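# Residue-level structural notes
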Amino acid sequence: DRQSTTTLLSLLSLLIANTYYLHISRWIECYRAGAEVESNFSSIFALLFKVHIKVARCGSRIDTPDGEKNEVKMISMIMILNQKGEIMMSRQYRDDVSRVAADSFRIQVIAAKEASSQPPIKRIENCSFLYTRHLNMYFVALTKSNVNPALVFEYLFQKIRILKAYLGEDFEENSMKNNMTLIYELMDETMDFGYPQNCAVDVLRLYINLGNVKPQDEPTPEQLTKQITGAIDWRREGIRYKKNEVYIDILESVNLLISSTGGVLRSEVTGRVQMNTKLTGMPECKFGLNDKLVIEKESSAGRKKSGVEIDDCTFHRCVRLGKFDTDRTITFIPPDGEFELMRYRVNDNVNIPFRLIPAVQEEGQTKCSINLKVIANFSEKLFATHVVIKIPVPKNTSKSKIKNSFGRAKYEPEQNAIVWRIKRFPGKAECMLSADLELVRTVRPKAWARPPISVEFQVPMFTASGVHVRFLRVYDKAGYHTNRWVRYITKAGGYQIKI
Amino acid sequence: MQHPYPPRNLPQPGGGPGPIHQGGNAPTPGSMSGGSPGGAGKDDSYFTESRKGEVNELRQLLRTFGSERDKQRKREIIKKVIAYMTLGIDVSRLFTEMMLAIETRDLVIKKMVYLFLCNYAETHPDLAQMCTNTLVKDSGNEDPMVRGLALRALCSLRLPQMIEYTSEPLRRSLQDGHAYVRKTGVMGILKMYHLNKEDFDKAAFNDILYDMLRDPDSSVVTNCILVLNEIMADSGGMALNRAVMLHLLNRIHEFSEFGILSVLDLVPRYIPANDEEGFQIMNLLDPVLRTANSGAVVATICAFLSIADAIGKRPGDGRDADSPSVDDLKRQVCVRIKAPLVTLIASGSNELTYVLLKYADQLIDLCPGIFDDEYRQFYVRYSEPTHIKHSKVRLLAKLANPETAPDIVAELGELVADIDETMGRLAVRSMGSIALHDSGGQGAVESIARRLVEMLDLQGIPHVSSEAATALASLVRRHPDIITVVSAPLPRALRYITEPNGRSNVIFLLGEYGESIAEAPYALERVIDSYDNITDDGVKTALLAATVKLFFHRPPEMQKMLGRLMKKATEDVSSQDLHDRALFYYRLLRSSPDPNVAKSIITSKSMSMTTDQFAEEDDSEFRASLMNEFNTLCTVYRCKAENFIEEENIVKFVKMPKDHPLAREGNVAPVADPGVNTIVDQFGGTTIGVSLAAPSPSMCAPPAPVGEVDLLGFGDDVSILSAPQPPASGTNSLQSLSLKSNASITGDEYQSMWRAVSDLEAVTISTHMRSRPTSTDAVESALGAFNVMTMASGELQTEFKFFLYGQEEAYYGGGYFLIEAVVMKASPSLNLTIKSFGGDSDSIKRKEKLDQLAELIKSALGEYLH
């Protein structure tokens, strides 16, 4: 009847105004049946509901779709702030933002309570702040346009890399201040009017801070500008070494997650090939890993050699990607000094360096016993270092009796864990730990969440993926001899065993 | 060949000083920034607090600047001023003094003074104008570095009245012999554009910029693209045609890490001429997916998706039945880019991981299921920052399929008890959503429901039980049969769930399914009796609805408490909604002549859902529009650009070129054709015609006056295959012949090389020409674009004669090619004699390359041939 209809409508409009739309959806469905009786109801509901959702979703503006939309993507300002949020250095590339923006960033990001859990992109009044940290400094890029965030971060990282190259690995506030003119120069060269320009460290070194590159190989201006803008922007010509050497580091980190029943939930290796080249001239290098695809191709004539199946890899920009895609050879003219040649990922056939067999028994509310067996799964010629095994215990643990065969184990209440440190863990060795815990009774008994056991370690000269370097050939006009050094290290990434 | 590390005294690649700061401990006198990090305590004084007299003190110091001999001390003085500026202290009073310092040969001092100038020019326009002379003079300096710097400073002064001074040096810089100056000049044009748009239009730089897209140096080209895009923003960005696009794509490997982005961003705007070309572009860009720069990778993904969009078949567009559909193509693209994206997510820094996870999220929406088999990558790691954990937990729900669901649910189950409250909530929600969307396969719904019921009983963690109740409430609506699992603990749960949201959901369930739960009325009664203590309106409304509903199922038990509740609720004025609702129920119950009508309305079982989505979850339209702005902040914020970017910064780029057959109706902005106008007239401008016609002038204005016509001068007949560096078809290899852009040899070298190769080894070709070139310059510039350089050329009475050369990229052998070209005037024909020197020793390969070069030259001179 009329009365209820009007009530219903007014009710609805109120609901919409209050944006209780979860309730509306429920209500609408509640009244569908009623609507069968008065069929025009449902259409009104549906209409109102749709309008409401639209409003909630799109804001007030509804635009017409008209092809690709895109924005001019530039950075308006780069700021470097210290821990207190004060501007240490800033360079404004566009007029649409000002130094004042630093204040809002300080209040909303640096001073905010949950500073560590905030996402690295923050929008304050239509201005986007993309930031990253180095030690306790904030590197912030401000923009009012719709940038490609990955690009901006890459730029910020590159910037930090450049500063590291100039000021040392862990440059801090003071060294920044002392070198502020240098940093201004770098800010000007790496970015012009909000667009990244030349960001290659090796080339920047050529013409910024000439003082340190001096004396003999200071290039003539002629060479220099050619170099600044040349095709190979990562290496300058005319580098000379008495001894030609290449250091190759294969650094792998194992990510492992084992369920409480011993099943492997996740095993994966991410590896990096780190190089340090000290080579004369513009040498051409060819680098080979025991990549399964390559080895299979080479040993087609019956000889069976196993290779590692590399799931995916990315390269430093000096590597000729076209060449890799056709025949998977890695060829490049290396930058001078340190750089990361490639990254890779291996998912299958991971050699798990440590096996852990835990047994946890909770006896009543006051006792708990933990037994843990650790087996090193690599060759006895090798050994692991810096092994730290963290075994979580209930929060209300009061006393612990720990017996262990190797290293030192201690209950550390602040971590809620038994921390077992073993400096040197030989290959194929086994060791045991058993702990009896006494628990304090609590007023409100709460189930123990049983966080996973986590392990840290380093195993030199071992790769969990089985990757090894087959060759590195250096071709140069001068035809000199090169010394090559290879080193392998496997570290624990996220190495966790659930109990 | 592998040596283990020798035991001692080897520098480790990981640590140790890099070459740059090897000398850092003893700063060389010439370095302005060589002060060793952290050392030299006196340097700290730059940043000590300023007292009032200090600026004056500085002025005193600056006065001595002129007489100071020591370079180092001079630098110190200027540095001090800059330090003050950095602190935000106004040192503009020193403007005059600083200007005197500009006349120096020391580059470092120059840079600092320029910086000072740029900072304060706006506030001191008169003074700034005085130094323009010096700057203009510097922009003609013999050192290209100084030229570049002066030019940059000149353009950064931001004084509108300066344009008359700047345009001349700018114009000169564009023809400078050094790329550094050219690229700075190009950026300068953009700065000038922002200063004064009218004067800028008069200067007509656009044509020059389009010409400079052929610059041999990639960084100049990069800047040209960026600048053109911004200048032409009003007409949809830089004008694109096939020749330009292919020219840029073929050179893409020359671009620097960041420069490549400018080209990649153009691709989504380009409409390929045909399907084949689309695929070729994708092949050409494929290697970019292996670069370590995630920005470039994401831009490539964006480019791929857009090409797929352009060349894929759509229902009803009447194209070849064999060609793959848009969705298929997009899926293929997603499969291709999956591995690189996962690698970047796994190995990137936290910031990048965060951003890339958002992209992955969007790609999953586009192609559900593509990341399913990599679900372990999205497991939460203990050490990750919270915002990444949260993103991952949200994503995990989308990765569930019958195979992966058990693992994912188990993993989520572990996270429920996390210390982080939000995390616990998200984990429960994700579990709920897996069951709700039926993505877990058979039995998953029930097992998840059981888990949720367990959580409902987790007394210690109030937020989890509340979330579990919410998830269950939705779940029961989707799968009514699981109520048997859920019903038992509900009355109990009502006792200890404290959060309003959870409470109202439990109450809702009690109301819906109360007929089968014996204790339901009593559980509700307890809540009704404590009505005055309820603070949340949501709980009250839920209580009201549930009680009324249960009343129809179990009238004897409910009647009294319903009466009490009605009284309270109708008198409760704290919430309008509740009040109205109570009245509504009251009237409904009282006024219906037949109680069955009220019953049928209230107890209808339309609560269950038939689809696996709630209406508010269906945001496909919104997602499609997000996809349009794929590699931007929109993805991160999950919100359209209009909502957070100011209007003047929004540029609507137009897909080009329009004349390609693949241009789709949807992509082309409606052209204001006369038909629409007449309708508008007839109806007094009130019809839809208005909204169609109104935006068109801005959106569909012809791309540019210089737009479509053959921007690079090498004709539209250039396809990828005949362009300078033809990619070998079938493989991904880019090309087998690649010429250096900066090859240079002297005349003597040329002659000696020419003589060294016998004429027998030379390749000679002659072809007929359609028209003869007007001058030698035309030929030279056409060849120059392909890195074929000119040693000498001349016009004789009967012929043009050219001595040309090119050098291969070192990587391909580094050999030289020497070419003698003769163009006969009378009956136009082209005679080429090509020799190769150095490079490959394999004679077959050499021959191949010579042939390729001949083809290249022919295609370069395409406009005269045939």
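About the thresholds
- Residues numbered from 1 in each chain as written.
- Chains lettered and ligands numbered in written order.
- Predicted model: local features only at pLDDT ≥ 70, side-chain atom pairs only at ≥ 80, totals over all residues.
- Heavy atoms only, no water.
- Helix = DSSP H or I, 4+ residues; strand = E, 2+ residues; numbered from the N terminus.
- Buried < 20%, exposed > 50% of the residue type's maximum accessible area, 1.4 Å probe, protein only.
- Contact = heavy atoms within 4.5 Å.
- Areas by Shrake-Rupley, 256 points an atom, 1.4 Å probe, with all protein chains shown as cover.
- Axes fitted to C-alpha atoms, helices over the stretch in contact; angles between N-to-C directions.
- Parallel < 35°, antiparallel > 145°, perpendicular 65-115°, else oblique.
- Nonpolar A, V, L, I, M, F, W, Y, C, P; charged D, E, K, R; others polar.
- Expected span 1.5 Å × (residues − 1).
- Bend = angle between axes of the 7 residues up to and from the residue.
- Polar contact = N/O pair within 3.5 Å; in protein donor to acceptor, adjacent residues only side chain to side chain.
- Pairing = 2+ DSSP bridges.
- Phe/Tyr/Trp six-rings, centres within 6.5 Å; stacked < 30°, edge-to-face > 60°.
- Lys NZ or Arg CZ within 6 Å of the ring centre and 35° of its normal.
- Core = buried A, V, L, I, M, F, W, Y, C linked by side-chain atoms within 4.5 Å.
- Patch = residues over 30% accessible without salt bridge, like charges linked within 9 Å, V, L, I, M, F, W, Y side chains within 5 Å.
- Salt bridge = Lys/Arg side-chain N within 4 Å of Asp/Glu carboxyl O.
- Lys, Arg positive; Asp, Glu negative; His and termini not counted.
- Charge placed at Lys NZ, Arg CZ, Asp CG, Glu CD.
- pLDDT = per-residue confidence, 0-100.
- Left-handed = near helix turned anticlockwise from the far one by under 90°.

## Focus on the overall build of chain B
Summing up its helical and strand segments, chain B has 38 helices and six strands in all. The proportion of buried residues among the 866 residues of chain B is 57%. Considering only contacts within chain B whose residues lie at least 6 apart along the sequence, 66% involve residues at least 24 apart. In the structure as shown, chain B presents an accessible area of about 36,000 Å², 51% of it carried by carbon and sulfur atoms.

## Regarding the packing of helix 8 (residues 179-195) of chain B against helix 11 (residues 218-231) of chain B
Residue and element names in this part refer to chain B. Between helix 8 and helix 11, whose axes approach to 8 Å, the crossing angle comes to 10°. Regarding the angle of helix 8 to helix 11, the classification is roughly parallel. Contacts from Ala179, Arg182, Lys183, Val186, Met187, Ile189, Leu190, Tyr193 and His194 of helix 8 reach helix 11 at Ser219, Val220, Asn223, Cys224, Leu226, Val227, Glu230 and Ile231. The class makeup of the residues in the contact of helix 8 with helix 11 is 11 nonpolar, three polar and three charged.

## Concerning helix 5 (residues 125-138) of chain B
Residues spaced three or four apart along an α-helix point in a common direction, a consequence of the helix completing one turn every 3.6 residues. All names here are of chain B. Here helix 5 is 14 residues long and its end C-alpha atoms lie 20 Å apart, about the 20 Å a rise of 1.5 Å per residue gives. At cysteine 131, helix 5 shows its largest bend, some 35°. Ala128, Cys131, Thr132, Thr134, Leu135 and Asp138 are the residues of helix 5 that are buried. Elements in contact with the buried residues of helix 5: helix 3 (95-100), helix 4 (107-120) and helix 6 (144-156).

## Focus: the side chain of asparagine 229 of chain B
With respect to the helices and strands, asparagine 229 of chain B occurs in helix 11. One polar contact links the side chain of asparagine 229 of chain B to the main-chain amide nitrogen of methionine 238 of chain B, over a distance of 2.9 Å.

## Some details on unusual backbone geometry
Residues and elements named next belong to chain A. The backbone phi angle of arginine 328 is positive, close to 55°, even though this residue is not glycine. Secondary-structure assignment places arginine 328 in the loop between helix 12 (321-327) and strand 13 (330-332). One non-glycine residue with positive phi stands out, namely histidine 386, at about 50°. Mapped onto the secondary structure, histidine 386 falls in strand 17 (residues 383-392).

## Examining helix 27 (residues 537-553) of chain B
Along its 17 residues, helix 27 of chain B runs 25 Å from first to last C-alpha, staying within 8% of the 24 Å computed at 1.5 Å per residue. Its side-chain oxygen at 2.8 Å from the backbone nitrogen of glycine 538 of chain B, aspartate 536 of chain B defines the N-terminal cap of helix 27 of chain B.

## Considerations on the sheet that holds strand 13 of chain A
All names here are of chain A. Taken in spatial order, the three strands make up an open sheet running 13-11-23, and their pairing is antiparallel. One side of each edge strand has no neighbouring strand; the edge strands of this open sheet are strand 13 and strand 23 (469-475). Strand-to-strand twist in this sheet, taken as the mean axis angle between neighbours without regard to direction, amounts to 15°. Looking at chain direction, strand 11 (residues 284-289) and strand 13 are connected through three bridges and run antiparallel. Following the sheet pairing, phenylalanine 287 is matched in strand 13 by isoleucine 330.

## So, the pairing of strand 4 (residues 121-124) of chain A
Residues and elements named next belong to chain A. The pairing of strand 4 with strand 5 (residues 127-134) spans four bridges and is classified as antiparallel. Looking across to strand 5, one finds that isoleucine 121 is bridged to leucine 130. If you look at the hairpin formed by strand 4 and strand 5, you'll find two residues sitting between the two strands, and glutamate 125 has a positive phi there, around 50°.

## Considerations on the packing of aromatic side chains
All names here are of chain A. Taken as a whole and assessed by the stated rule, the structure comprises 25 aromatic pairs over all chains. The rings of Phe354, Phe378, Phe406, Phe425, Phe457, Phe462 and Tyr495 are connected pair by pair, giving a single aromatic cluster. Above the ring of phenylalanine 471, the side-chain terminus of arginine 473 is found at 4.0 Å from the ring centroid.

## A few points about the nonpolar core
Ile78, Met238, Leu363, Phe371 and Val486 of chain B are the most contacted members of the largest nonpolar core, which has 274 residues in total. Ranked by the residues each element gives to this core, the list is headed by helix 5 (residues 149-167) of chain A, at 13 residues. Setting aside residues up to four positions removed in sequence, methionine 238 of chain B forms contacts with Tyr210, Leu213, Ile225, Leu228, Asn229, Met232, Val244, Leu248, Leu266, Arg269 and Met656 of chain B. Core analysis: the next-biggest nonpolar cluster, separate from the first, contains 76 residues, Leu279, Val308, Leu437 and Val474 of chain A among them.

## Section: the pairing of strand 4 (residues 799-807) of chain B
Residue and element names in this part refer to chain B. Burial analysis of strand 4 places seven of its nine residues in the buried class, the great majority of the element. Where strand 3 (residues 789-795) meets strand 4, six bridges bridge the pair, whose relative direction is antiparallel. Looking across to strand 4, one finds that glutamate 795 is bridged to phenylalanine 800. The antiparallel hairpin formed by strand 3 and strand 4 contains three residues in its connecting segment.

## Considering a positive patch on the surface
Residues and elements named next belong to chain A. Where like charges cluster on the molecular surface, the positive patch consists of Lys367, Lys399, Lys401 and Lys403. For the positive patch, the element with the highest residue contribution is strand 18 (residues 397-404), accounting for three residues. Residue classification places lysine 367 among the partly exposed positions, given a relative accessible area of 45%.

## Quick look at the confidence of the model for chain A
All names here are of chain A. Averaged over all residues, the pLDDT of chain A is 79; the fraction at 70 or higher stands at 78%. This model gives residues 17-26 a pLDDT under 50, and the stretch forms 22 contacts once residues within four places in sequence are excluded. Counting interchain partners and residues more than four positions distant, the pLDDT-below-50 stretch residues 210-222 has 14 contacts.

## Some words on the sheet that holds strand 15 (residues 354-363) of chain A
Note on sheets: strands pair through backbone hydrogen bonds, and any given pair is parallel or antiparallel. All names here are of chain A. Spatially, the four strands line up as an open sheet ordered 15-16-21-18, and their pairing is antiparallel. Two strands close off the open sheet at either side, each with one partner strand: strand 15 and strand 18. The mean inter-strand angle of the sheet, taken between neighbouring strand axes irrespective of direction, is 15°. In the sheet, strand 16 (residues 367-376) pairs with strand 21 (residues 430-439) via nine bridges, with the strands oriented antiparallel. If you follow asparagine 371 over to strand 21, its bridge partner there is serine 434.

## A look at the packing of helix 5 of chain A against helix 15 (residues 294-311) of chain B
As a packed pair, helix 5 of chain A and helix 15 of chain B sit with axes 7 Å apart at the nearest point and diverge in direction by 165°. In terms of axis orientation, helix 5 of chain A runs roughly antiparallel to helix 15 of chain B. Two packed elements cross with a definite hand, and for helix 5 of chain A against helix 15 of chain B that hand is left-handed. On helix 15 of chain B, the residues that touch Ala150, Leu151 and Glu154 of chain A of helix 5 of chain A are Ser294, Gly295 and Val298 of chain B. Split into classes, the residues belonging to the contact of helix 5 of chain A with helix 15 of chain B amount to three nonpolar, two polar and one charged.

## Overview of the pattern of salt bridges
Under the counting rule described, the total for this entry stands at 49 salt bridges over all chains. As a salt-bridge pair, arginine 152 of chain B and glutamate 189 of chain A come within 3.4 Å of each other at their nearest N and O atoms. With one member in each of two chains, arginine 152 of chain B in helix 6 and glutamate 189 of chain A in helix 7 (residues 180-190) form a pair that bridges those chains. When the shortest N-O distance is used, the salt bridge between glutamate 430 of chain A and lysine 373 of chain A registers 3.6 Å. Linking glutamate 430 of chain A in strand 21 with lysine 373 of chain A in strand 16, this pair joins segments that are 57 residues apart in sequence.

## Some thoughts on the confidence of the model for chain B
Close inspection of predicted coordinates is inappropriate in any region flagged by low pLDDT. All names here are of chain B. Confidence in the prediction of chain B, expressed as mean pLDDT, is 76, and 80% of residues score 70 or more. Within the model, pLDDT remains below 50 along residues 1-45, and this stretch shows 78 contacts once partners closer than five positions in the same chain are excluded. For residues 665-735, every residue scores under 50 in pLDDT, and the model assigns this stretch 107 contacts once sequence neighbours within four places are set aside. The complex prediction reports pTM at 0.71, with the ipTM value standing at 0.71.

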